[in-house]
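# What the coordinates show
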Amino acid sequence: MVKPLLSMEHVEISLERDGKLRPIVHDVTFQLYPGEIVTLTGASGCGKSLTAHAIVGLLEHGCRVTNGHIFYRKENVLNYDEKGWQTLRREEIALLIQHSLNGLDPIRTVKKQMIETLNQKKKLPRKEVKDILYSLLHEVGFDDPGHILSSYPFELSGGMRQRVLLAMMISLNPKLLIADEPTTALDALNREKVLTLLKKLQRDFGLTVLLISHDHESVNKCADRIIQMDQGGIVPACYLNYEM
Ligand SMILES: Nc1ncnc2c1ncn2[C@@H]1O[C@H](COP(=O)(O)OP(=O)(O)OP(=O)(O)O)[C@@H](O)[C@H]1O
Ligand SMILES: [Mg+2]
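All values derive from a computational prediction rather than experimental measurement.

## Here's the deal with the overall build of the protein
The secondary structure content of the protein amounts to 8 helices and 11 strands. The C-alpha radius of gyration of the protein comes to 18 Å, within 12% of the 18 Å expected for a compact globule of 244 residues. For the C-alpha atoms alone, the extent of the protein along its principal axes is close to 50 × 40 × 40 Å. Counting every position in the protein, which comprises 244 residues, the buried fraction comes to 47%. When contacts within the protein are restricted to residue pairs at least 6 apart in sequence, long-range pairs at least 24 apart make up 70% of them. Accessible surface computed for the protein: about 12500 Å², of which carbon and sulfur atoms make up 53%. Side-chain charges of the protein comprise 30 positive and 30 negative groups, with the mean position of each set lying 5 Å from the other.

Below you can see the structure in the form of structure tokens.
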């Protein structure tokens, strides 16, 4: 039997206010299996982003998991210290955060920012770095990587920036990619490109993808499976298996 890569079990996330903990995400339970693309969908404010942040240990100060378990492979990641979380984010799970399009530094070239991400893993010789950057940018659909590398983010369209961000994510060679609303800020053409790319990355790298989106178009096109969330947690009746 195939074992899940990620298993969320009755996860509750609470926010501390005036010394009191108030649960804001209740009872989230789902599994992700290796190599699948799963969409996590649900109304705005139901806790999708908080869930994503909890998985990689990036909940904001005052916010924490107050119940349940998050197993990545066999380990309950909630037992990790900061070093453990950092290793998880560097080696295993990449999170493309919501509104990440604004996350690229506007005054530094794409090349500088991509090298910085790549170096998180291991310092590589210059020539090797250049080859890797070219191949990553090819992988995400750029015909002229040299031009992209020397560009500043503001010179690129939203769709191009999203693809650069995806290239940065895959440079870490993650097993699981969590993409939080990667298409929301894009027009229809770029949305299509990014979704096709996610499919390609799944195929080329055996990547498992958790795609957070309330965009039903992407859900239907891209997902092997859809998980529906609401304020109370996961909606069991909507825990569907789609054969595409
Ligand atoms: N740092 C915070 N402080 C206070 N409340 C927060 C914080 N982060 C999230 N919340 C609240 O928690 C709930 C869940 O937020 P979250 O961002 O996870 O929703 P979401 O499902 O990702 O929504 P969207 O689809 O709009 O991105 C919301 O009601 C939000 O207002
Ligand atoms: Mg969100």
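## Brief notes about the coordination of the magnesium ion (ligand 2)
Summarising the metal site, the magnesium ion (ligand 2) is bound by the protein donors Ser49 (OG) and Gln98 (OE1), whose distances to it range over 2.0 to 2.1 Å. Here Ser49 is found in helix H1 (residues 48-55), whereas its partner Gln98 is found in the loop between strand S6 (93-96) and helix H3 (110-119), with 49 residues between them in sequence. The class of Ser49 is partly exposed, set by a relative accessible area of 22%. Looking at Gln98, the relative accessible area reads 28%, which means it is partly exposed.

## Things to note about the layout of surface pockets
Size it by volume and the largest pocket reaches roughly 480 Å³. Secondary structure elements with two or more residues in the lining of the largest pocket: helix H2 (82-91), S6, H3 and helix H6 (158-171). The residue inventory of the lining of the largest pocket, partitioned by class, reads 11 nonpolar, 5 polar and 4 charged. Estimated volume of the second largest pocket: approximately 230 Å³.

Rules of the game
Residues numbered from 1 in each chain as written. Chains lettered and ligands numbered in written order. Predicted model: local features only at pLDDT ≥ 70, side-chain atom pairs only at ≥ 80, totals over all residues. Heavy atoms only, no water. Helix = DSSP H or I, 4+ residues; strand = E, 2+ residues; numbered from the N terminus. Rg over C-alpha atoms; globule rule 2.2 N^0.38 Å. Buried < 20%, exposed > 50% of the residue type's maximum accessible area, 1.4 Å probe, protein only. Contact = heavy atoms within 4.5 Å. Areas by Shrake-Rupley, 256 points an atom, 1.4 Å probe, with all protein chains shown as cover. Lys, Arg positive; Asp, Glu negative; His and termini not counted. Charge placed at Lys NZ, Arg CZ, Asp CG, Glu CD. Donors = N, O, S within 2.8 Å, 3.2 Å for Na, K, Ca; no water. 1 Å grid on protein atoms, 1.4 Å probe; cavity = no way out; pocket = protein on both sides within 12 Å on 5 of 7 lines; lining within 4 Å. Points joined across faces, edges and corners; volume = space filled by probe spheres on them. Nonpolar A, V, L, I, M, F, W, Y, C, P; charged D, E, K, R; others polar.

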